[in-house]
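These are the residues of each chain, in order.
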Amino acid sequence: MLIIIHSETNKSNIQQNLGRPEYSYYFVLKEFRPVLERLGQVIEVSNPDELVDRLYFDCLSRGEDCIFLSFSPPHRTPIHYACPTVPLFAWEFSTIPTESWQGEPRHDWRVVLEACGMAITHSTFTVNAVREVMGADYPICAIPAPVWDRFAARGEQLAKRAVVEPVQLNLRGLLIDSRTVDLRAYGPPALCEGTPLSFDGPPRDCQLQLEGVVYTSVFNPYDGRKNWQDMLSAFCTTFRDTPDATLVLKLTHHDIANALNDMLHHLYKNQSYQCRIVLIHGYLADVDYERLVEATSYVVNSSFGEGQCLPLMEFMSCGKPAIAPLNTAMADYVDSDNAFIVESTDELTAWPHDPRAAYRTLRYVTDWDSLCTAYRVSYDVAKTDAERYALMSAHAVRSLQRFCSQASTEERLRTFFEQLLERAKPLPVEASGA
């Protein structure tokens, strides 16, 4: 079987696309590829209009099965190919788009899902949202990116201490430490003093030492779902008098200046605090990313919803308990045995790519007091209950193994492909009567 794969972001444009809509599909494609290669020959194409059907008809001529996996949301999935096409997408809102705009029928996802006939997403939550519209028997499967094997293997080599002994990281990029930066330049205009930091220079080699109880989150600061404002303010409030609590925010975007200025303004507003906040923007080699995981007590998520959340899955696969909501895709792998649950309530919002900003769906708003409680209780566990921390760590590893191991992904994909190819078979032509 030939499996054709495509993501609009690829290795040639990932640097300039970091943080832009759909950029993370490239990382999902990379995680799926090794498993797909166990099931057939894989060809990644950058120009599907030119190659997909050419490859498909070539396979057809020699009796070989062929499918096209479009790592993209339905409204960016082509539906005009002869080759069986499957959108593989993430989604974190209560309803899927059922309206079109700007003359593009595909904005109504029902058009694409009907044309493709099958789909893959990453969570039970999204499967239910699709079937609510497409019917209870619509063939869609929840298959998350298989990150567990790679990160669990790393986790076996890492210390799983809740209170971190001094760990030093090397990074190339930008490092901002609340204990060394002058925040007076980020106050209201009438109160500004000093000179703001310049973010225009070339990347620099930096060193960072972490210790104590360390909380880490990895995200794109321009992604409106991530709700870093609550994450930051709740941390500063909870640990106002706690000098050995550190929040590390590893930021992902190709153009970070505006976001950093905004985050530094929020650090200014939340003063004064004895806890430490560290902002990292730049490249971490694998060994230093592993060191960051090692130097983490808890991974944090305070978002309004997740399609799957690769960083949360990665850190938990390494045995790091979480602070996270129990909603959207996270409900498939987060529970009270591997995380401190943050309560949330739903509120009206718009589909993120709808230029009308029309309220058609729900997102899930973090309860700020609950986030503060999760911080406080997790800190107490780290400092006083090593046995509970160890149990949470072990449960995180087991939960993510069930959710996103390569073995479970391969099994689900194999079943899905068998169903897809059965549906794609041409109907037999009945012999005409004599």
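Everything below is about the structure printed above this text.
Computed from a prediction, not measured in an experiment: that's the story for all the values here.

**Notes on the overall build of the chain**
- Counting its secondary structure elements, the chain contains 13 helices and 15 strands.
- Each of the three principal axes of the chain carries a C-alpha extent, and together these read 90 × 50 × 40 Å.
- Within the chain, the fraction of its 434 residues that count as buried is 56%.
- Excluding contacts between residues fewer than 6 apart, the proportion of contacts in the chain whose partners are at least 24 apart in sequence is 73%.
- As displayed, the chain offers around 19100 Å² of accessible surface, 49% of which is attributable to carbon and sulfur atoms.
- Positive and negative side-chain charges of the chain, numbering 39 and 56 respectively, have mean locations separated by a distance of 3 Å.

**Focus on the packing of aromatic side chains**
- If you walk through the whole model with that rule in mind, you get 23 aromatic pairs.
- On the numbers, 5.8 Å between centres and 65° between planes, the contact of Phe32 with Phe71 is edge-to-face. Placement of Phe32 in helix α2 (residues 25-39) and of Phe71 in the loop between β3 (66-70) and β4 (85-87) is noted, with a sequence separation of 39 residues between them. One exposure class covers both Phe32 and Phe71, and it is buried.

**Section: helix α8 (residues 257-269)**
- The end-to-end C-alpha distance of α8, which contains 13 residues, comes to 19 Å, matching closely the 18 Å that a straight helix rising 1.5 Å per residue would cover.
- Every buried residue of α8 is listed here: Ala259, Leu260, Met263, Leu264, His266, Leu267 and Tyr268.
- The secondary structure elements touched by the buried residues of α8 are β7 (164-177), β8 (204-219), α7 (228-238), β9 (245-251) and β10 (276-283).

**A few points about the pattern of salt bridges**
- One pass over the structure, following the stated rule, counts 25 salt bridges.
- Residue Arg33 pairs with Glu37 through a salt bridge whose shortest N-O separation is 3.0 Å. You can see Arg33 and its partner Glu37 sitting in helix α2, four residues apart, about one turn around the helix.
- A relative accessible area of 44% means that Glu37 is categorised as partly exposed.
- Two residues, Arg62 and Glu64, come together in a salt bridge whose shortest N-O distance is 2.8 Å.

**Remarks on the environment of Thr373**
- Relative to the helices and strands, Thr373 is located in helix α11 (residues 368-384).
- Put simply, Thr373 and Ala234 are 139 residues apart on the chain and 9.1 Å apart in space, counted from C-alpha to C-alpha.

**Focus: helix α9 (residues 286-294)**
- All of the buried residues along α9 are Asp288, Tyr289, Leu292, Val293 and Glu294.
- Summarising the contacts, the buried residues of α9 are in contact with α6 (148-157), β7, β8, β9 and α10 (310-317).

**Some remarks on the side chain of Thr366**
- Mapped onto the elements of the fold, Thr366 is located in strand β15 (residues 359-366).
- Reaching out from Thr366, the side chain makes a polar contact with the backbone oxygen of Ser302 at a distance of 2.9 Å.
- If sequence neighbours within four positions are ignored, Thr366 has contacts with Asn227, Asp230, Ser302, Ser303, Phe304, Val342, Glu343, Ser344 and Leu371.

**A look at the packing of α7 against α8**
- Two elements in contact, α7 and α8, have axes separated by 10 Å at closest approach and are oriented at 30°. On the basis of the axis angle, α7 is roughly parallel to α8. Crossing geometry of α7 relative to α8 is assigned as right-handed. Along the contact surface, α7 presents Trp228, Gln229 and Leu232, while α8 presents Asp262, Met263, His266 and Leu267.

**Notes on the sheet that holds strand β2 (residues 41-44)**
- Pairing is parallel in the open sheet, where four strands are placed in the order β2-β1-β3-β4. The open sheet has two edge strands, β2 and β4, and neither has a second partner. The average undirected angle you get between the axes of adjacent strands in this sheet is 25°.
- Bridge count between strand β1 (residues 2-6) and β3: five bridges; the pairing is parallel. When the bridges of β3 are listed, His6 appears paired with Ser70.

Parameters at a glance
Residues numbered from 1 in each chain as written. Predicted model: local features only at pLDDT ≥ 70, side-chain atom pairs only at ≥ 80, totals over all residues. Heavy atoms only, no water. Helix = DSSP H or I, 4+ residues; strand = E, 2+ residues; numbered from the N terminus. Buried < 20%, exposed > 50% of the residue type's maximum accessible area, 1.4 Å probe, protein only. Contact = heavy atoms within 4.5 Å. Areas by Shrake-Rupley, 256 points an atom, 1.4 Å probe, with all protein chains shown as cover. Lys, Arg positive; Asp, Glu negative; His and termini not counted. Charge placed at Lys NZ, Arg CZ, Asp CG, Glu CD. Phe/Tyr/Trp six-rings, centres within 6.5 Å; stacked < 30°, edge-to-face > 60°. Expected span 1.5 Å × (residues − 1). Salt bridge = Lys/Arg side-chain N within 4 Å of Asp/Glu carboxyl O. Polar contact = N/O pair within 3.5 Å; in protein donor to acceptor, adjacent residues only side chain to side chain. Axes fitted to C-alpha atoms, helices over the stretch in contact; angles between N-to-C directions. Parallel < 35°, antiparallel > 145°, perpendicular 65-115°, else oblique. Left-handed = near helix turned anticlockwise from the far one by under 90°. Pairing = 2+ DSSP bridges.

Shape descriptors only; they carry no functional weight alone.
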